[in-house]
Amino acid sequence: MSKTPRLRLCHAGMEGRSLHAFEIFLSRITSIEFQITPEDQADVGFIDLDHERGPQLLEEQRRRFPDRPLIVATQKAQPGTDPLVVPLGKPIGLGAFTAALEQVRTLLPASWAAAATAPETTEAPVQAAAPAQAAPVAASAAPQDEHALMAQQGQDSLFLLRQQEERMAAFYVGTKPDIDLDDASARVAVFYEPANFLQGVISRARSHAREIGRPVKINDGLGTVLYLSPGDNHAHQVCSNNSLRALAQLPTQPSVQMSQIDPHELASMEDFPTRPLISLEWDAALWASRGRLPLGTDLDAPVRLNAWPDLTRLVIPPEAMRIAGLWSRQRLSLRQTLEQLQIPQRYVFAFYSACHALNLVSQPEVARQAQATTSASAPAVNAELQEAVAAPQPPMRGLFKRLLGKLLGTRLGEAEAG
């Protein structure tokens, strides 16, 4: 029985959220055996031509691996000039991508399939010399082999998904271990100040852009990294995702600041990839948080989920659906959430921080206590003001009042001071 070798697939230019989504998509394909490998070990490549560097990546792949078949995905129709390029229109379905894999497999050289079938050729004489009654046994064993193969593929897919979740956890929520929340000294490390990170700069820049009704930009000292356009609620990202992530994880330097956009920049701004502002603020909050909570969060106050995050447009942190589902059903504190779900602290804290950045969660009791404290201090302030008003006036002030009375005359209802 011949065996089709496993297809080794590489991707170029994909990272972060798009890479995670791509790997999740691939894990659902079970009719073809394949695996993700580095570029120098791959049989087939995949390129998203709509990527900001798509054409450049295609040219680079052609130069480095001229004989390698490529699957090229794009929303625009591409002329079929290269026989080793299989075009794939967007949106991409499982059936279309599976068909593309089948097509590129036919473009591979014969030596690729021969490498896997060579060991089976040496076993052929032994199988031919076997007794005739062995045939029914082999026939009955075939379904078992098929079921075993399907089970193995299922385990491989599950293992791949777990690997992706671990990579996602490290990429967006960090690797901070759980701490003793009852230890006051250790609890300090759980909090961060959003205003001191790129998250805070983006929030202030967005508010300012909406106030003035014009786009603004954010610079990092070396140049512009982001343009924020409040009119269409989008951001134009100049730097790469890796650069933006690195900038967002560390406290901002004085060089990171917002500024006005020159008129000649308005046209060139459109040349850079766009993304929704909520997606940018969500990612910036996750990167700044790294499994921590915004300063001022109460671990024991109930959390209210004001609205579900639009997880179709946002990256999904680990356990986000379980946390959101729990908060939508009942008011629980962050500490109680950890006890019920039995998941790492950083998963809950990072999700809360991202939702907090978009005003999707709140702690009403904390807000009421703060308001009550303000109201309680108001009578004391008023009493001090009244006391200051009722206090005797200094002699010099009385002298000025008498002189003013002589110049302007006595006001109605007042007796002129002697």
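Look a little higher up for the structure.
The structure reproduced in this document is the subject of the present report.

The rules we used
Residues numbered from 1 in each chain as written. Predicted model: local features only at pLDDT ≥ 70, side-chain atom pairs only at ≥ 80, totals over all residues. Heavy atoms only, no water. Axes fitted to C-alpha atoms, helices over the stretch in contact; angles between N-to-C directions. Helix = DSSP H or I, 4+ residues; strand = E, 2+ residues; numbered from the N terminus. Parallel < 35°, antiparallel > 145°, perpendicular 65-115°, else oblique. Left-handed = near helix turned anticlockwise from the far one by under 90°. Contact = heavy atoms within 4.5 Å. Nonpolar A, V, L, I, M, F, W, Y, C, P; charged D, E, K, R; others polar. Pairing = 2+ DSSP bridges. Buried < 20%, exposed > 50% of the residue type's maximum accessible area, 1.4 Å probe, protein only. Arc of directions from axis to C-beta. Salt bridge = Lys/Arg side-chain N within 4 Å of Asp/Glu carboxyl O.

**Some details on the packing of helix 11 (residues 320-329) against helix 13 (residues 345-357)**
The interhelical angle for the contact between helix 11 and helix 13, taken along N-to-C directions, is 70°, at an axis separation of 10 Å. Judged by the angle between their axes, helix 11 and helix 13 are roughly perpendicular. The hand of the helix 11/helix 13 crossing is right-handed. Counting all contacts with helix 11, which are made through Ala320, Ile323, Ala324 and Trp327, the residues of helix 13 involved are Tyr347, Val348, Phe351 and Tyr352. Residue composition of the contact of helix 11 with helix 13, grouped by class: 8 nonpolar, no polar and no charged.

**Notes on the sheet that holds strand 4 (residues 70-74)**
Across the sheet, which stays open at both edges, the 5 strands sit in the order 2-1-3-4-5 with parallel pairing between neighbours. Every interior strand has two partners, whereas the edge strands, strand 2 (34-36) and strand 5 (85-89), have only one. If you compare each strand with its neighbour and ignore which way they point, the axes differ by 25° on average. Pairing analysis gives 4 bridges linking strand 3 (residues 44-48) to strand 4, with the strands arranged parallel. Residue pairing in the sheet places phenylalanine 46 in a bridge with isoleucine 71 of strand 4.

**Structural notes on the sheet that holds strand 11 (residues 274-276)**
Judged by pairing direction, the sheet is antiparallel, and its 5 strands sit side by side in the order 10-7-8-9-11 without closing on themselves. Edge strands, defined here as strands with exactly one partner in the open sheet, are strand 10 (257-260) and strand 11. Taking each pair of neighbouring strands and ignoring which way they run, the sheet shows an average axis angle of 30°. Bridge count for strand 8 (residues 224-229) against strand 9 (residues 234-237) is 4 bridges, and the pairing is antiparallel. Counterpart to leucine 228 in the pairing with strand 9 is alanine 235. The strands that helix 10 (residues 277-289) touches are strand 8, strand 9 and strand 11; relative to strand 11, the one it contacts most, it runs at about 80°.

**What about unusual backbone geometry?**
Positive phi is not limited to glycine here, since asparagine 233 has a value of about 55°. Position of asparagine 233 relative to the elements: it lies in the loop between strand 8 and strand 9. Look at arginine 290: it is not a glycine, yet its phi comes out positive at around 50°. Assessed through its relative accessible area of 22%, arginine 290 is described here as partly exposed.

**Focus on helix 2 (residues 54-64)**
Those residues of helix 2 not exposed but buried are Gly54, Leu57, Gln61 and Arg62. The arc that holds every buried residue of helix 2, seen down its axis, measures 135°, which confines them to one face. Along helix 2, the residues that are exposed and aim more than 90 degrees away from the buried face are Pro55, Glu59 and Arg63. Structurally, helix 2 contributes buried residues whose contacts are with strand 1 (7-12), strand 3, strand 4 and strand 5.

**Re the pattern of salt bridges**
Summed over all chains, the structure comprises 12 salt bridges. For glutamate 60, the salt bridge identified is with arginine 64, shortest N-O distance 3.7 Å. Of the two residues, glutamate 60 and arginine 64 are both situated in helix 2; the distance of 4 residues between them amounts to about one turn of the helix. Owing to a relative accessible area of 23%, glutamate 60 belongs among the partly exposed residues under this scheme. Judged by its relative accessible area of 41%, arginine 64 falls in the partly exposed class. Across the pair glutamate 102 and arginine 105 runs a salt bridge, and its minimum N-O distance is 2.8 Å.

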